[in-house]
Amino acid sequence: MTDVMTHYPHVIHGEKRESEETIDVMHKFDQTVFARVGRGTESDVDAAVVSARQAFKETSWSAEDRARILRRAAELFLERKDEIARVITAEVGKVYRDAALEVQRGIDTLLVSADEAGQLTGHTIPINAKSGQENRLAFTVREPVGVIGAITPFNFPFNLTAHKLGPAIASGNAVVLKPAEKTPVTAMLMAEVLEEAGLPDGMLNVVNGYGHEVGSAMLAHDGIDMFTFTGSPDVGRRIKADSGIRKVTLELGSNAPNIVYKDAKGLQQVAEACVGKGVMHNGQACISVQRVYVHEEIYDTFAAHAKAAAENLKAGDPMDPKTSVGPMIDEASAARAESWIQEAVAAGAEIIAGGTREGALLQPTVVGRVENDMKLSCEEVFAPVIVLQTFSSIEEAVEKANDSRYGLQAGLFISDMDLAFRSARALAYGGVILNDVSTFRADMMPYGGIKDSGIGKEGPKYAMEEMTNEKVIVMNIQ
Ligand code: NAD
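Keep in mind it's a predicted model, so treat the numbers as computed, not measured.

Asker: Provide a residue-level description of the nonpolar core, including the pertinent values.
Answerer: Core analysis: the biggest nonpolar cluster contains 77 residues, and Phe-77, Phe-158, Leu-199, Leu-204, Met-218 and Ile-239 have the highest contact counts within it. Considering each element in turn, this core owes the most residues, 8 residues, to helix 6 (residues 185–196). Sequence-distant contacts of Phe-77, defined by excluding residues within four places in its chain, comprise Ile-84, Ile-107, Leu-110, Phe-158, Leu-189, Met-190 and Val-193.

This is how it looks when you write it as structure tokens:
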């Protein structure tokens, strides 16, 4: 258990705002209530937006000021790293090791945002190159959109919130944040730290609550200029439909493919990486390894390595250092994954490792001989499960990998560099990782999918472009 305060009101203009009703936050392993947050209403959202608009209008700060606040916050987060990692372990259920890694990643995201604050720039347009326009000069500047509505998912409450707050602050925007109702406590600690680091009142307002209440009220509020959302495609679709003529960034789901060609180096290490990164964060990461396409000539060897790797990992208490996989976000999610496993087995797939469940704990699972039309393959499994499929040519592997409604990131293990680059170009994904798993993400790189995986990019530099409007200024030199 953690020793943090257990009741968290909303934060509006630097003040705590109580709610009539609250939402219980469960400790995902103990299944006890470990904190409560306010259940926000339309009027809380309105107060948050009014506060953000006022702060945006009245705050005068340089990029240097904003970078200093982000760097100070990063220092304070580092001091409280253990406490925050424990909160993440409690509210998400991921093992402490993964939680501590997430906090470090989030701190880095804030530091990269601080570095980018002073780099935001437009460009010169050679408008005078055209005859008759010799006396004109044109350039663009980037200006903050104003008030950003940020809606976050349950699975990375620190780093994905940092991916919204870091770039928003670095580019001078005010934010109304709605954290996921299942894991809201981490965001409350973030708001506390950012305030201590000197973020002006009103530049970050946090309203907790349910998506259909607080989220819907945010979408209906015309005081919000842009939405940045990370979560499921179903909710993403609704946000796109309800946000009207406003900017939207959507970071949605995926069933990440990983192709292992017959000439891949270090087959055992590749199998261990696929299993390890398929079950990390309890398999509840958008780029978790899910589909593994293995060349038919090496399938049996790969499957044996994957079996050994999975059987070496155990599900259990996420605070126990011997545990690799904690409970999923709730029992219903674990039962859903288990039913997809059983459905695949009934249709001809075979369980290579795991497949058993106790409450919300699903053992690290490898399922072999899976086909693209099984839910375990074509839907986002979002559980500690990887599925193995076979192919006979690289073209077939690429075709199978592309046969998906999603397009976030793909991994490809291969030695032949001509085939590697040809395949990387042919894979219909926002990112292709060569000789590593689909799960690789450096927080400074452009990150975002195509198709049902979303629109727009994250990574501080790219998120700041999304969070600013490019204005052209044309001078008629007289
Ligand atoms: P979710 O879509 O259920 O919820 C995400 C957020 O949306 C929550 O804060 C929720 O309260 C809110 N919400 C729900 N209904 C809403 C509505 N009608 N209007 C406005 N807001 C609403 O997602 P989740 O279960 O928390 O997260 C898992 C999903 O997130 C997976 O699909 C995963 O792949 C995706 N994800 C994507 C990325 C990425 O970067 N691409 C990263 C992490 C997670």
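Asker: Could you give an account of empty space enclosed by the protein, naming the residues involved and the relevant values?
Answerer: Across all of its chains, the model carries 1 cavity of 30 Å³ or more by this definition. Here the largest cavity defines a volume of roughly 60 Å³. If you trace the largest cavity, you find 15 residues lining it, with Gly-283, Ala-285, Ser-288, Gln-290 and Phe-382 closest to the centre. Taken together, the residues of the lining of the largest cavity break down into 8 nonpolar, 6 polar and 1 charged.

Asker: Talk me through the site of the ligand; I want residue IDs and the actual numbers.
Answerer: Residues in close proximity to the ligand total 28 residues, the closest being Thr-152, Glu-181, Ser-232, Leu-252 and Glu-380. Between Ser-232 and the ligand, the recorded distance is 2.5 Å, taken from a side-chain N or O atom to an oxygen atom. At a threshold of 2 Å from the grid points, most atoms of the ligand map onto the largest pocket. Counting residues per element, the shell around the ligand draws most heavily on helix 7 (residues 211–220), which supplies 4 residues. Partitioning the shell around the ligand into residue classes produces 14 nonpolar, 9 polar and 5 charged. When residues of the shell around the ligand are assigned to domains, at least three map to each of domain 1 (6–252 + 453–473) and domain 2 (257–442).

Asker: Lay out the packing of helix 3 (residues 81–92) against helix 6 with the relevant residues and their values.
Answerer: Where helix 3 contacts helix 6, the two axes come as close as 9 Å, and the packing angle between them is 155°. The orientation of helix 3 relative to helix 6 falls into the category roughly antiparallel. Residues Glu-83, Ile-84, Val-87, Ile-88 and Glu-91 of helix 3 touch helix 6, and the partners they reach there are Val-185, Thr-186 and Leu-189. Here the residues of the contact of helix 3 with helix 6 sort into 5 nonpolar, 1 polar and 2 charged.

Asker: So, the layout of surface pockets: which residues are in play, and what are the values?
Answerer: One number sums up the size of the largest pocket: a volume of about 1100 Å³. Taken together, 40 residues line the largest pocket, and the ones lying closest to its centre are Phe-154, Phe-229, Gly-231, Ser-232 and Val-235. Counting residues per element, the ones that place at least two in the lining of the largest pocket are helix 7, strand 11 (226–230), helix 8 (233–242) and helix 11 (331–346). Residue composition of the lining of the largest pocket, grouped by class: 19 nonpolar, 11 polar and 10 charged. Each of domain 1 (6–252 + 453–473) and domain 2 (257–442) gives at least three residues to the lining of the largest pocket. If you add up the space inside the second largest pocket, you get close to 320 Å³. Residue lining of the second largest pocket: 18 residues in total, with Arg-105, His-281, Ile-287, Thr-439 and Arg-441 positioned closest to the centre. Residues that form the lining of the second largest pocket fall into these classes: 10 nonpolar, 3 polar and 5 charged. Split by domain, the residues of the lining of the second largest pocket number at least three in each of domain 1 (6–252 + 453–473) and domain 2 (257–442).

Asker: Outline the packing of helix 2 (residues 63–79) against helix 6, supporting the account with residue identities and numerical values.
Answerer: Following both chains from N to C, one finds helix 2 and helix 6 inclined at 130°, their axes separated by 8 Å at the closest point. Here helix 6 runs oblique to helix 2, going by the angle between their axes. Between helix 2 and helix 6 lies a crossing of right-handed hand. Mapping the contact onto sequence places Ala-73, Leu-76 and Phe-77 in helix 2 and Leu-189, Met-190, Val-193, Leu-194 and Glu-196 in helix 6. For the contact of helix 2 with helix 6, the class distribution of residues is 7 nonpolar, no polar and 1 charged.

Asker: Give me the lowdown on helix 11, citing residues and values where you can.
Answerer: Look at helix 11: 22 Å from first C-alpha to last across 16 residues, which is about the 22 Å you get at 1.5 Å a residue. The complete set of buried residues in helix 11 reads Ser-333, Ala-334, Ala-337, Glu-338, Trp-340, Ile-341 and Ala-344. The arc that holds the buried residues of helix 11, viewed along the axis, is 155°, so those residues lie on one side. Along helix 11, exposed side chains directed more than 90 degrees from the buried face belong to Ala-332, Gln-342 and Ala-346. Taken together, the buried residues of helix 11 touch strand 15 (350–353), strand 16 (357–358), strand 17 (361–362), strand 18 (365–368), helix 12 (375–378) and strand 19 (385–391). The positive-phi residue at the C-terminal boundary of helix 11 is Gly-348, with phi of around 115°.

Asker: Go over the state of the cysteines with me, naming the residues and quoting the values.
Answerer: Scanning the entire structure with this criterion turns up 0 disulfides. Distance from the sulfur of Cys-274, which forms no disulfide, to the nearest cysteine sulfur (Cys-286) is 17 Å. Cys-378 carries a free sulfur, and the closest cysteine sulfur to it, the one in Cys-286, is 19 Å from it. With a relative accessible area of 25%, Cys-378 lands in the partly exposed category.

Asker: So what about the sheet that holds strand 4 (residues 22–26)? Which residues, and what values?
Answerer: One open sheet accounts for 3 strands, arranged 1-5-4; its pairing is mixed. The open sheet has two free edges, formed respectively by strand 1 (7–8) and strand 4, since each of these has just one partner strand.

Asker: Quick one: what's the story with a negative patch on the surface, residue by residue and with numbers?
Answerer: On the surface, Glu-15, Glu-79, Glu-195, Glu-196 and Asp-201 cluster together into a patch of negative charge. Accessibility expressed as a relative area gives 40% for Glu-195, which makes it partly exposed.

Asker: Pulling in residues and values, what's your account of the domain arrangement of the chain?
Answerer: According to the domain assignment, the chain consists of domain 1 (6–252 + 453–473) and domain 2 (257–442). Using C-alpha coordinates to define each centre, domain 1 is positioned 31 Å away from domain 2. Listed per partner, the contact involves 28 residues of domain 1 and 26 residues of domain 2. Interface area for domain 1 against domain 2, summed over the two sides, is near 2300 Å², with a carbon-plus-sulfur share of 58%.

Asker: How would you sum up the confidence of the model for the chain? Please name residues and give values.
Answerer: Mean pLDDT over the chain works out to 97, with 99% of the residues at or above the 70 mark. Counting interchain partners and residues more than four positions distant, the pLDDT-below-50 stretch residues 1–5 has 10 contacts.

Here is what the cut-offs are and how they apply
Residues numbered from 1 in each chain as written. Predicted model: local features only at pLDDT ≥ 70, side-chain atom pairs only at ≥ 80, totals over all residues. Heavy atoms only, no water. Core = buried A, V, L, I, M, F, W, Y, C linked by side-chain atoms within 4.5 Å. Buried < 20%, exposed > 50% of the residue type's maximum accessible area, 1.4 Å probe, protein only. Helix = DSSP H or I, 4+ residues; strand = E, 2+ residues; numbered from the N terminus. Contact = heavy atoms within 4.5 Å. 1 Å grid on protein atoms, 1.4 Å probe; cavity = no way out; pocket = protein on both sides within 12 Å on 5 of 7 lines; lining within 4 Å. Points joined across faces, edges and corners; volume = space filled by probe spheres on them. Nonpolar A, V, L, I, M, F, W, Y, C, P; charged D, E, K, R; others polar. Near = heavy atom within 4 Å. Polar contact = N/O pair within 3.5 Å; in protein donor to acceptor, adjacent residues only side chain to side chain. Sits in = over half its atoms within 2 Å of the grid points. Domains from an automatic or database assignment. Axes fitted to C-alpha atoms, helices over the stretch in contact; angles between N-to-C directions. Parallel < 35°, antiparallel > 145°, perpendicular 65-115°, else oblique. Left-handed = near helix turned anticlockwise from the far one by under 90°. Expected span 1.5 Å × (residues − 1). Arc of directions from axis to C-beta. Disulfide = S-S within 2.5 Å. Pairing = 2+ DSSP bridges. Patch = residues over 30% accessible without salt bridge, like charges linked within 9 Å, V, L, I, M, F, W, Y side chains within 5 Å. Areas by Shrake-Rupley, 256 points an atom, 1.4 Å probe, with all protein chains shown as cover. Salt bridge = Lys/Arg side-chain N within 4 Å of Asp/Glu carboxyl O. Lys, Arg positive; Asp, Glu negative; His and termini not counted. Charge placed at Lys NZ, Arg CZ, Asp CG, Glu CD. Buried area = accessible area lost by both parts, 1.4 Å probe. pLDDT = per-residue confidence, 0-100.

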